[in-house]
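A structural walkthrough
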Amino acid sequence: MTQDYFGFSLVRSVPNNGTVALNNAADISVIVIYFLVVLAVGVWAMVSTNRATVGGFFLAGRSMVWWPIGASLFASNIGSGHFVGIAGTAAAGGLAIGGFEWNALVVVIILGWLFVPIYIKAGVVTMPEFLRKRFGGQRIRIYLSVLSLFLYVFTKISADMFSGAIFINQALGLNIYLAVVLLLSITALYTVTGGLAAVIYTDTLQTIIMVVGSFILMGYAFNEVGGYENFQPRYMEAIPTLTGVNISESCYTPRPDSFHIFRDAVTGDLPWPGLVFGLTVQATWYWCTDQVIVQRCLSAKNLSHVKAGCILCGYLKLLPMFLMVFPGMISRILYPNEVACVEPEECLRYCGASVGCTNIAYPKLVVDLMPNGLRGLMLSVMMASLMSSLTSIFNSASTLFTMDIYTKIRSSASEKELMIAGRVFILVLIGVSIAWIPVVQSAQSGQLFDYIQSITSYLTPPIAATFMLAIFCKRVNEPGVFYGLTIGLAIGLTRMISEFAYGTGSCVTPTNCPEIICGVHYLYFSIILFCISCLLIVSISLMTKPIDDKHLHRLCWQLRNSTEERVDLELDNWEENQEPVYVDIEEPTEEPGCCKKAVLSFCGLEKSNAPKLSAEEQAELQRKLTDTSEKPMWRNVVNANAIILLCVCVFLHGFYG
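Computed from a predicted model, the values in this text were never measured in an experiment.

Criteria and cut-off values
- Residues numbered from 1 in each chain as written.
- Predicted model: local features only at pLDDT ≥ 70, side-chain atom pairs only at ≥ 80, totals over all residues.
- Heavy atoms only, no water.
- Helix = DSSP H or I, 4+ residues; strand = E, 2+ residues; numbered from the N terminus.
- Buried < 20%, exposed > 50% of the residue type's maximum accessible area, 1.4 Å probe, protein only.
- Contact = heavy atoms within 4.5 Å.
- Areas by Shrake-Rupley, 256 points an atom, 1.4 Å probe, with all protein chains shown as cover.
- Salt bridge = Lys/Arg side-chain N within 4 Å of Asp/Glu carboxyl O.
- 1 Å grid on protein atoms, 1.4 Å probe; cavity = no way out; pocket = protein on both sides within 12 Å on 5 of 7 lines; lining within 4 Å.
- Points joined across faces, edges and corners; volume = space filled by probe spheres on them.
- Nonpolar A, V, L, I, M, F, W, Y, C, P; charged D, E, K, R; others polar.
- Phe/Tyr/Trp six-rings, centres within 6.5 Å; stacked < 30°, edge-to-face > 60°.
- Lys NZ or Arg CZ within 6 Å of the ring centre and 35° of its normal.
- Core = buried A, V, L, I, M, F, W, Y, C linked by side-chain atoms within 4.5 Å.
- Axes fitted to C-alpha atoms, helices over the stretch in contact; angles between N-to-C directions.
- Parallel < 35°, antiparallel > 145°, perpendicular 65-115°, else oblique.
- Left-handed = near helix turned anticlockwise from the far one by under 90°.
- Disulfide = S-S within 2.5 Å.
- Patch = residues over 30% accessible without salt bridge, like charges linked within 9 Å, V, L, I, M, F, W, Y side chains within 5 Å.

**Description of the overall build of the protein chain**
Looking only at helices and strands, one finds 29 helices and two strands in the protein chain. Looking at the protein chain residue by residue over its 657 residues, the buried ones come to 59%. Sequence separation of at least 24 residues holds for 83% of the intrachain contacts in the protein chain that already meet a minimum separation of 6. Just so you have it, the protein chain exposes about 25,600 Å², and 64% of that area is on carbon and sulfur atoms.

In structure tokens:
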């Protein structure tokens, strides 16, 4: 007997044409070769880097150069949720969703030039650690760590796994959950064993695969619709044949402003003030304060490599408009009945979701357009995007849990115990994320990318306000930040819980959520919540005692170049327990067995006491890790490239605006 789990069959299901798409030697060979190459790169990084220490595992020894950093930033950001979500939203509403990607061109410059120099000078590994140094106390650090982990589950891991499941269901005809478990197993394998270095190098390989494969599919898609000149008129005519009797025409006809990024401030589905200002709030949180992104920048060998990596990422972020948005719109042209379906019964038949089937736009293009071999390459692209995104999140989430939560529970934990705890936590994240997938499927009219952005709008503006004020306003203090974060979170959760309780609805069956709660567009809500949070933080800080300058050297913009010694507001409990890790303690010299030795070596936990450094050597090492100096020539090169990138950004917004 067949059982359904939120639209997904628990038994074997096949695409609509009744055949398994990837059942030939060419496709299977490409996929097998892909996995072998990825695993080879992961194993090479595993054996060639130092993974037995916190610095080696979490920051790749601060040795990365600009091009793998830029590629990893892009690959960490572009998951399968982008391929499925952006293409799906583009099929439903046009190219405005591409503005979400191009907004990053400005924000990555802010990241490399304003935020990362402060993080490096502060000498931090995680973002909550920075806030602990900046404000003292533990409640802000723990609050941010827990909220970040929830965001990973709500907006990243579950969304990526769901989008990967859609693609596998369309392309492979395999049991979805079996396929997802296999992917997660391989993903977790080299994340758990290799650390950040393995993740960054495999991200670089997967970025190349994603870009090449996506360009090939874009060429096939434009060839199918007769080139760019036929693209716009054919999209405006892409209407499903079954439209129902009582369904409004606006639910199934393309929007009149489908080919404009900037849309009406009141009636637009993505209003231009929200796209310019509200999206920048979310982007500041994601690109400038999120552990997944910042951790890659902190692994750079110097600040010039950070900036060059950010510029490379910015240029790569130009591509999603052409590699995802346009193909998603073409999918609606080619398959209007499936991709643009509006009758709930028809949508259930096509994709298992009554709210709409736009999420199948990209997978359907791959299955129906690509020839044998190239179809296998595109499946590899989707696997690459899914795995690269998940590996980045797993590594960074385990870092947050280990350094900011577990060390408070077990203040005397050894370094080996911390490594094991971080790896085990990855498995817990996977289980929770799988349980959240059904919620993802039905939210925001079935448009995955809108779901991700709406959750981000409800929960992240207070965090963006906190980091911005922490760096650029010396006067803010711990009480102001904590109460600003807490009240801002309460406001955001009120909107989010209400939306889920009433349901986001769809064009055919609108939600009955009160207008005063759900009537404000999520991008406008982001602006309002950011302003409220800033006002609360500044007001409460002005009414309470300021932080003395001796605690703020190299932690805020005004004192970034200070050479005075900083007095920590309070000593980190874990740091107090670091000395025993490096002291050569006499232990029983029993030699571990072959099996235990192999497991320890595989996980980077082989016993090797690091040499004890003298006080002068420790000071010199710390100076190198917090150095932000640049050679004048390379500083001028990256600055010139940043200006060029911003000019490209302005031109593209004007051209498609």
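**Some words on the pattern of salt bridges**
Per the counting criterion, the structure on display carries twelve salt bridges. Between Lys474 and Asp549 there is a salt bridge; the shortest N-O distance is 3.4 Å. On the criterion of sequence distance, the pair formed by Lys474 in the loop between α21 (461-472) and α22 (478-502) and Asp549 in the loop between α24 (522-542) and α25 (573-576) is long-range, its members being 75 residues apart. The partly exposed category is assigned to Lys474, whose relative accessible area is 28%.

**What about empty space enclosed by the protein?**
Here the structure, examined in full by the defined rule, presents five cavities of 30 Å³ or more. Lining the largest cavity are 27 residues, and of these Asn77, His82, Tyr286, Ile452 and Gln453 sit closest to its centre. Only α3 (66-77), α4 (80-93), α5 (98-102), α8 (139-171), α11 (272-289), α18 (374-409) and α20 (448-459) provide two or more residues apiece to the lining of the largest cavity. Taken together, the residues that form the lining of the largest cavity break down as twelve nonpolar, eleven polar and four charged. Each pocket or cavity is described by its volume, and for the second largest cavity that value is around 60 Å³. Counting residues per element, the ones that place at least two in the lining of the second largest cavity are α7 (127-135), α8 and α11. Residue classes in the lining of the second largest cavity are distributed as six nonpolar, three polar and one charged.

**Things to note about the packing of aromatic side chains**
Tallied over the entire structure, the rule returns 27 aromatic pairs. Ring centres 5.9 Å apart and planes at 55 degrees place the aromatic pair Tyr228 and Phe231 in the tilted group. With a gap of three residues between them, Tyr228 and Phe231 both fall in helix α10 (residues 228-236), about one helical turn apart. With relative accessibility at 44%, the residue Tyr228 sits in the partly exposed group. Their ring planes at 80 degrees and their centres at 4.9 Å tell us that Phe655 and Tyr656 sit as a pair that is edge-to-face. The exposure class of Phe655 is exposed, given its relative accessible area of 55%. Above the plane of the ring of Phe482 lies Arg139, whose end atom (NZ or CZ) is 4.0 Å from the centre. Above the ring of Trp557, the side-chain terminus of Arg560 is found at 4.0 Å from the ring centroid.

**Comments concerning the nonpolar core**
In terms of nonpolar packing, the biggest core is built from 172 residues, with Tyr119, Phe130 and Trp287 touching the most fellow members. Once you skip the residues sitting within four places of it in the chain, Trp287 turns out to touch Leu73, Asn77, Ala104, Val107, Val108, Leu111, Ile293, Val294, Cys313 and Lys317.

**Brief notes about the packing of helix α6 (residues 104-122) against helix α29 (residues 632-656)**
For any two helices packed against each other, the geometry is given by the interaxial angle and the distance between the axes. Interhelical geometry of α6 versus α29 gives an angle of 160 degrees and a closest axis separation of 9 Å. If you check the angle between α6 and α29, you find them roughly antiparallel. For the element pair α6 and α29, the recorded crossing hand is left-handed. Together, Leu105, Val106, Ile109 and Trp113 of α6 and Val638, Asn639, Ala642, Leu645, Leu646 and Cys649 of α29 make up the contact between the two elements. For the contact of α6 with α29, the per-class residue count stands at nine nonpolar, one polar and no charged.

**Some details on the packing of α20 against α22**
Where α20 meets α22, the axes come as close as 7 Å, and the angle between the chain directions of the two elements is 145 degrees. For the pair formed by α20 and α22, the contact residues are Tyr451, Ser454, Ile455, Tyr458 and Leu459 on the first element and Leu489, Gly492, Leu493, Arg495, Met496, Glu499 and Phe500 on the second. Within the contact of α20 with α22, the residues separate by chemical class into eight nonpolar, two polar and two charged.

**Re the side chain of Glu478**
Looking at where Glu478 falls in the secondary structure, it is placed in helix α22. For Glu478, a relative accessible area of 12% puts it in the buried group. With near-sequence residues (within four places) excluded, Glu478 lies in contact with Phe135, Gly136, Arg139 and Ile140.

**Structural notes on the environment of Gln170**
Along the polypeptide, Gln170 turns up in helix α8. Separated by 181 residues in the primary sequence, Gln170 and Cys351 place their C-alpha atoms 8.8 Å from one another.

**Remarks on the environment of Leu316**
Secondary-structure assignment places Leu316 in helix α13 (residues 303-316). As a C-alpha pair, Leu316 and Thr207 span 109 residues in sequence and 9.4 Å in three-dimensional space. Contact partners of Leu316, with chain neighbours within four places excluded, come to Gly70, Ala71, Phe74 and Thr207.

**Quick word on the state of the cysteines**
Counted according to the given criterion, the structure contains zero disulfides. Free cysteine: Cys556, not disulfide-bonded; nearest cysteine sulfur from Cys473 at 9.2 Å. The thiol sulfur of Cys647 is not disulfide-bonded, and the nearest other cysteine sulfur, from Cys649, lies at 9.8 Å.

**A word on a nonpolar patch on the surface**
There is a patch of nonpolar side chains on the surface, built from Phe262, Trp272, Val276 and Phe277 and spanning about 360 Å² of accessible area. Tracing the backbone shows Trp272 in helix α11. Among the residues examined, Trp272 registers a relative accessible area of 40% and is labelled partly exposed.

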